[in-house]
Amino acid sequence: MLHRTIHLFRKELRLHDNPVLLAALESSEALYPVYILDRAFLTSSMHIGALRWNFLLQSLEDLHKNLGQLGSCLLVIQGEYEVVLRDHIQKWNITQVTLDAEMEPFYKEMEANIQRLGAELGFEVLSLVSHSLYNTQRILDLNGGSPPLTYKRFLHILSLLGDPEVPVRNLTAEDFQRCRAPEPGLAECYRVPLPVDLKISPESLSPWRGGETEGLQRLEQHLTDQGWVTSFTKPRTIPNSLLPSTTGLSPYFSMGCLSVRTFFYRLSNIYAQAKHHSLPPVSLQGQLLWREFFYTVASATPNFTQMAGNPICLQICWYKDAERLHKWKTVFEELLLDADYSINAGNWMWLSASAFFHQYTRIFCPIRFGKRTDPQGNYIRKYLPILKNFPSKYIYEPWTASEEEQKQAGCIIGQDYPFPMVNHKEASDHNLQLMKQVREEQHRTVQLTRDDADDPMEIKVKRDHSEENILKGKVARMTE
């Protein structure tokens, strides 16, 4: 019996390599593509600023347009997701709900609630993994039920697992013609809202426009330069360049506008044709595997995005200074286009040497680093225009300029721009001693994520044949 199906888009806002949508089309006589805009759920689960809201709405509009070209449409229904589902399952006589399987705890809870609702109302639920390279549960099973906590151990598990699943075929108009599309009036009733409808500022300084179409175009642009692809190494990228010296594709992966498996195998095709290419952990494929590593660890680690209750993270007794904490934290997740539950937390633990990275004596100095990588301060002049008129010798330490020089620059430190919160040298020396003490007291926690190569990002990886097979993939499968 063919189903009447609601396909519930959550993070996989694309039509290419969407296995659960393909399965929904193959098993249904009628298909309703739905995105539930549950603002209460989204804002309680993650910090979303105006930039990311705009990116999301652009992605939904692009998805609606692409579905329209295949004879369907996207229905964006606003409200609490369980109430919306209960109402429309009965209204449309739904017998199946399909959705992408996600690993974040809030999405897992949502799926469990939908499963419970299915048991109550009598509809089936189908979910498939498509946001990561591998099925996380298979990695956990091969590691004895727990996540591998070092990158080296993770790569060993992948060598046992073999290649990632290849992307599924592209959807066609014929796929949608086999299913009855939503009634024409529904598309207008459940249109993609505009930013003004959600009281969100439509202004966006971001050069990244959301959506699968834009993501695929950017992917093609990067893959055109095969020399850049094969020689890419992460340590050589510049974090304060005006435009990313990496791919800049992370917002599209985060929102699911781009398939990570598609990128992986496109890279494998290029590597297979090259005499030499960079290798993990520093290559582009290595970056995808770091993403996979953090996804895997996050999927089975309680409170992964927090310190308290996180079993792999050092427990540090932070200063309790509400004013300084407020100053420090109003710059982060809500301003990111590519905010990601697993990667954000994994990288913060790495950068703070709370887990994964253990050469804690390396202390980042924003002044020395900036002077070395961007001596003219172009990054600061663009993103902190209040400082743009300072001479280069003062751009990283404007408080050291004389009063007359500050007046000439049109910025008085302490009035137009704040003084530093701390003396960097004093604070870093003091915290270094405290960190040493914490790590001695919590030696067992430190050892959980310590790798043989303490900083895998800096080692020169030799061409090991077993890794080569995993990471290049099988050329025959790719050519098919």
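Residues numbered from 1 in each chain as written. Predicted model: local features only at pLDDT ≥ 70, side-chain atom pairs only at ≥ 80, totals over all residues. Heavy atoms only, no water.

**Considerations on the overall build of the chain**
Each helix and strand counted, the chain has 23 helices and five strands in total. Compactness check: the chain gives a C-alpha radius of gyration of 24 Å against a globular reference of 23 Å for 480 residues, within 12% of the reference. Its C-alpha atoms give the chain principal-axis dimensions of about 75 × 55 × 45 Å. Within the chain, the fraction of its 480 residues that count as buried is 49%. Counted over contacts in the chain with a minimum sequence separation of 6, partners at least 24 positions apart contribute 78%. As displayed, the chain offers around 24,200 Å² of accessible surface, 54% of which is attributable to carbon and sulfur atoms. If you average the places of the 51 positive and of the 56 negative side-chain charges in the chain, the two averages end up 5 Å apart. (Helix = DSSP H or I, 4+ residues; strand = E, 2+ residues; numbered from the N terminus. Rg over C-alpha atoms; globule rule 2.2 N^0.38 Å. Buried < 20%, exposed > 50% of the residue type's maximum accessible area, 1.4 Å probe, protein only. Contact = heavy atoms within 4.5 Å. Areas by Shrake-Rupley, 256 points an atom, 1.4 Å probe, with all protein chains shown as cover. Lys, Arg positive; Asp, Glu negative; His and termini not counted. Charge placed at Lys NZ, Arg CZ, Asp CG, Glu CD.)

**Considerations on empty space enclosed by the protein**
This structure, assessed with the given rule, holds three cavities of 30 Å³ or more. Of the volumes computed, that of the largest cavity is approximately 110 Å³. Lining the largest cavity are L8, F9, R10, Y35, I36, D38, F41, L42, Y81, Y107 and M110. Within the residue set of the lining of the largest cavity, elements represented by two or more residues are β1 (3–9), β2 (28–37), α2 (39–45) and α5 (105–121). In this structure, the second largest cavity encloses a volume near 50 Å³. Every residue lining the second largest cavity is counted, 10 residues in all, and those nearest its centre are T150, Y151, F356, T449 and D451. A per-class count over the lining of the second largest cavity returns seven nonpolar, two polar and one charged. (1 Å grid on protein atoms, 1.4 Å probe; cavity = no way out; pocket = protein on both sides within 12 Å on 5 of 7 lines; lining within 4 Å. Points joined across faces, edges and corners; volume = space filled by probe spheres on them. Nonpolar A, V, L, I, M, F, W, Y, C, P; charged D, E, K, R; others polar.)

**Thoughts on the side chain of S259**
By the secondary structure assignment, S259 is in the loop between α12 (250–254) and α13 (260–272). Separated by 2.5 Å, the side chains of S259 and D17 make a polar contact. One polar contact links the side chain of S259 to the main-chain amide nitrogen of T262, over a distance of 3.0 Å. Excluding residues within four positions of it along the chain, S259 makes contact with R14, H16, D17 and F253. (Polar contact = N/O pair within 3.5 Å; in protein donor to acceptor, adjacent residues only side chain to side chain.)

**Details of the confidence of the model for the chain**
Summary statistics for the chain give a mean pLDDT of 91 and a share of 93% for residues scoring 70 or more. Across residues 459–480, where pLDDT falls below 50, the model places 47 contacts with residues more than four positions away in sequence or in other chains. (pLDDT = per-residue confidence, 0-100.)

**Concerning the environment of D338**
For D338, the position within the fold is in the loop between α15 (322–329) and α16 (341–351). Classification of D338 as partly exposed rests on a relative accessible area of 28%. C-alpha of D338 to C-alpha of F55: the two residues are 283 residues apart in sequence and 9.9 Å apart in space. What D338 contacts, discounting residues up to four positions off in sequence, is R52, S250, P251, S254 and N344. A polar contact is formed between the side chain of D338 and the side chain of S250, at a distance of 2.7 Å.

**Quick look at a nonpolar patch on the surface**
On the surface, a nonpolar cluster with roughly 630 Å² of combined accessible area is contributed by L325, W328, W348, L351, M421 and V422. Put simply, the parts of the chain that give the nonpolar patch at least two residues each are α15 and α16. Tracing the backbone shows V422 in the loop between α19 (403–409) and α20 (424–441). For V422, a relative accessible area of 42% translates into the label partly exposed. (Patch = residues over 30% accessible without salt bridge, like charges linked within 9 Å, V, L, I, M, F, W, Y side chains within 5 Å. Salt bridge = Lys/Arg side-chain N within 4 Å of Asp/Glu carboxyl O.)

**Regarding the sheet that holds strand β4 (residues 96–101)**
An order of β3-β2-β1-β4-β5 is seen for the five strands of this open sheet, with the pairing classed as parallel. In this open sheet, the two strands that pair with only one neighbour each are β3 (75–78) and β5 (124–129). Between one strand axis and the next, the sheet turns through 30° on average, direction left out of account. With four bridges connecting them, β2 and β3 associate as parallel partners. Bridging across to β3, V34 finds its partner in L75. The strands touched by helix α4 (residues 81–91) within the sheet are β1, β2, β3 and β4, with β1 carrying the most contacts at an inclination of about 160°. (Pairing = 2+ DSSP bridges. Axes fitted to C-alpha atoms, helices over the stretch in contact; angles between N-to-C directions.)

**Observations concerning the side chain of R218**
As for its position among the elements, R218 is in helix α10 (residues 212–224). For R218, a relative accessible area of 16% puts it in the buried group. There is a polar contact of 2.9 Å between the side chain of R218 and the backbone oxygen of P207. Ignoring sequence-local partners within four residues, the contact set of R218 consists of P207, W208, L249 and Y252.

**As for the pairing of β4**
The buried count for β4 comes to six of six residues, which makes it a mostly enclosed element. As defined by bridge partners, β1 adjoins β4 across four bridges and the pair is classed as parallel. In the sheet register, H7 faces β4, and the bridge partner there is T98. Bridging between β4 and β5 involves six bridges; their strand directions are parallel. Looking at β5, one finds that Q96 is bridged to E124. In this view, the connection linking β4 to its parallel neighbour β5 by way of α5 has right-handed handedness. (Right-handed = clockwise from strand over helix to strand, strands pointing away.)

**Some words on the packing of helix α7 (residues 151–161) against helix α14 (residues 284–299)**
Across the interface, α7 lies against α14 with an axial gap of 11 Å and an inter-helix angle of 100°. One finds that α7 runs roughly perpendicular with respect to α14. Of the residues in α14, those in contact with Y151, F154, L155 and L158 of α7 are G286, L289, W290, E292, F293 and T296. (Parallel < 35°, antiparallel > 145°, perpendicular 65-115°, else oblique.)

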